[in-house]
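# Fold and contact review
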Amino acid sequence: MQLQGKRVLLAVTGSIAAYKAAHLTRLLVKEGAEVQIIMSTSALDFITPLTLSTLSKRPVYHQFHKNETGEWNNHVELGLWADLFIIAPLSASTLSKLAHGNSDNLLTATYLSARCPVMLAPAMDLDMYQHPSVRANLDTVEKHGNILLEAESGELASGLSGQGRMMEPEHILEKTIQLLKKSKDFEGKKIMITAGPTQETIDPVRFIGNHSSGKMGIALAKNLANRGAKIELILGPSQITISHPNIKISPVTSTHDMYKAAQAVHPQMDICIFAAAVADYAPADPAKEKIKKNEENMSIILKKNVDIAASLGAVKKDGQIHIGFALETNHEEENAQTKLKKKNFDFIVLNSMNDAGAGFKHDTNKVTIFHQSGKKQVSDLLPKSAIAELIIDTLKKQLDTEN
Ligand code: PMT
């Protein structure tokens, strides 16, 4: 009984895959979870509340009030009651409402009131699932901090074959157990994460920057926030954003700004993760006016920037943990090992530009973790969310052995 005492809110929307919600309910209940079901009105066309209430052993809600008594189904209370909110299956229509903050029914109002992690298991036909508007909505809800359980591939109700099937209930159960087991394992921890690129001003219209998207740092922030940590995310200019009750974002532009923001919170932090790609040099004397195209050649004098990780590493307190990243193109291991020692990291995560799909911008990464003890861990090429999980699990092990 791996979910004993856990409260799961399971929302079912109008989709042919709604029948799978019955099986999922059974699996959750069998593992000891208390399951409260909410249905959208269109879900009623696919499966009856009687089936779901029998399996969950609780009344099923699908409207704001109870018909018989006129009593209110309090969506705020439901949202606060749950340890986890699963929406499975999630239809294109409800997805669009979630992405845009529409609360015209009990399910979507509860979603907006929920403070717990939310897992979304979409189910759609092949072309619907690939439609740019659906992809954009899926992107939006992910950026809002939800956990997206991408649809699986196989035969679809339309007879077409491809991606669109709701994730199998057994797989959702597995994800639920993993998440709820870890859901509070960083509670009480204050964690600073630097992420994204920095921009160093050349003149009012130009800067020196790099290709970091911020994806890796944001994936770490999301994983830790879902596991109960309070995150100070110091984020350089990035197209990606995230909103999560446990994440406070400080947007910054230059290395100097990033350093100031990091220095201000560092003394209160239990853990610091330096995932940002920080410029090592900045123009010594940025021009006040736009530089004109006069000479055939031009040079800009650069001055060394502060090394944020090294400076804060020098004042690291007993018990504080620092994790670094290294992005290398050559002598990868050697360079990473040098930075591990020089910057006083507890461990360093190396990503190499020589590995296809790793490093800047990609949704995937492949890393090698070097520990102070000399231990080394190598990952496969995985989505950045899975790499984040691996790094955080490594961190958790380190915390457990120290205590
Ligand atoms: O943002 P993405 O597109 O998802 O890409 C992720 C990433 C490749 C940016 C990230 O995973 C990564 O490797 N970040 C560190 C990149 C880097 O600049 O590494 P470095 O080897 O130059 O720096 C070593 C460490 O010192 C890093 O932890 C860095 O944050 C820190 N540093 C470096 C220079 C400096 N002035 N201040 C620092 O704090």
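A few points on the structure. (Residues numbered from 1 in each chain as written. Predicted model: local features only at pLDDT ≥ 70, side-chain atom pairs only at ≥ 80, totals over all residues. Heavy atoms only, no water.)

## Describing the overall build of the protein
- A tally of regular secondary structure across the protein gives 13 helices and 21 strands.
- Its C-alpha atoms give the protein a radius of gyration of 24 Å, within 12% of the compact-globule value 22 Å for 403 residues.
- By its C-alpha atoms, the protein is 80 × 55 × 40 Å across when sized along the principal axes.
- Looking at the 403 residues of the protein, the share that counts as buried comes to 50%.
- The contacts of the protein with a sequence gap of at least 6 include a subset with a gap of at least 24, amounting to 66%.
- On the protein, roughly 19300 Å² of surface is accessible, and the fraction owed to carbon and sulfur atoms is 51%.
- Each charge class in the protein can be summarised by its mean position, and for the 45 positive and 44 negative side chains these summaries are 3 Å apart. (Helix = DSSP H or I, 4+ residues; strand = E, 2+ residues; numbered from the N terminus. Rg over C-alpha atoms; globule rule 2.2 N^0.38 Å. Buried < 20%, exposed > 50% of the residue type's maximum accessible area, 1.4 Å probe, protein only. Contact = heavy atoms within 4.5 Å. Areas by Shrake-Rupley, 256 points an atom, 1.4 Å probe, with all protein chains shown as cover. Lys, Arg positive; Asp, Glu negative; His and termini not counted. Charge placed at Lys NZ, Arg CZ, Asp CG, Glu CD.)

## Topic: unusual backbone geometry
- Note that the residue after Ala-88, namely Pro-89, is joined by a cis bond; omega there is -5 degrees.
- Tracing the sequence through the fold places Pro-89 in strand S3 (residues 84–90).
- In this structure, Lys-57 takes a positive phi of about 60 degrees despite not being glycine.
- You can see Lys-57 is positioned in the loop between helix H2 (49–56) and helix H3 (75–81).
- Overall, the relative accessible area of 66% leaves Lys-57 in the exposed class.
- Here His-331, not a glycine, exhibits a phi torsion of approximately 45 degrees, which is positive.

## A word on the site of the ligand
- What surrounds the ligand is a group of 28 residues, the closest being Ser-212, Ser-213, Phe-274, Ala-276 and Lys-339.
- In the environment of the ligand, an oxygen atom lies 3.0 Å from a nitrogen or oxygen atom belonging to the side chain of Lys-343.
- Lys-361 places a polar main-chain atom, nitrogen or oxygen, 2.7 Å from an oxygen atom of the ligand.
- Summarising the interface, the protein chains cover 96% of the accessible area of the ligand, which totals 770 Å² for the free molecule.
- By residue number, the principal contributor to the shell around the ligand is strand S16 (residues 321–328), which donates five residues.
- Partitioning the shell around the ligand into residue classes produces 14 nonpolar, six polar and eight charged. (Near = heavy atom within 4 Å. Polar contact = N/O pair within 3.5 Å; in protein donor to acceptor, adjacent residues only side chain to side chain. Nonpolar A, V, L, I, M, F, W, Y, C, P; charged D, E, K, R; others polar.)

## As for helix H9 (residues 215–226)
- For H9, spanning 12 residues, the distance from its first C-alpha to its last is 16 Å, which sits close to the expected 16 Å at 1.5 Å a residue.
- Counting buried positions over the 12 residues of H9 gives 11, a clear majority of the element.
- Gly-228 sits one or two residues past H9 and shows a positive phi near 100 degrees. (Expected span 1.5 Å × (residues − 1).)

## Some details on a nonpolar patch on the surface
- Side chains of Tyr-281, Met-298, Ile-300 and Leu-302 sit close together on the surface and give an oily, nonpolar patch of about 380 Å² of accessible area.
- With respect to the helices, strands and loops of the structure, Tyr-281 is situated in strand S14 (residues 281–283). (Patch = residues over 30% accessible without salt bridge, like charges linked within 9 Å, V, L, I, M, F, W, Y side chains within 5 Å. Salt bridge = Lys/Arg side-chain N within 4 Å of Asp/Glu carboxyl O.)

## Some words on the packing of aromatic side chains
- Inspection of every chain in the model, using the stated rule, returns one aromatic pair.
- Between Phe-274 and Phe-345, the ring centres sit 6.0 Å apart and the planes meet at 40 degrees, which makes this aromatic pair tilted. Here the residue Phe-274 occupies a position in strand S13 (residues 271–274), and Phe-345 occupies one in the loop between helix H12 (332–342) and strand S17 (347–352), the gap between them amounting to 71 residues. Residues Phe-274 and Phe-345 agree in their burial class; the two are buried.
- Positioned over the ring face of Tyr-129 is Arg-135, at 4.9 Å from the centre of the ring. (Phe/Tyr/Trp six-rings, centres within 6.5 Å; stacked < 30°, edge-to-face > 60°. Lys NZ or Arg CZ within 6 Å of the ring centre and 35° of its normal.)

## Description of the pairing of S13
- Judged by which residues are buried, S13 turns out to be covered on both faces: Ile-271 and Ile-273 on one side and Cys-272 and Phe-274 on the other are all buried.
- Here strand S8 (residues 190–195) pairs with S13 via four bridges, running parallel. Following the sheet pairing, Thr-194 is matched in S13 by Phe-274.
- Across four bridges, the pairing between S13 and S16 is parallel. Paired with Ile-271 across the strands is Ile-321, a residue of S16. (Pairing = 2+ DSSP bridges.)

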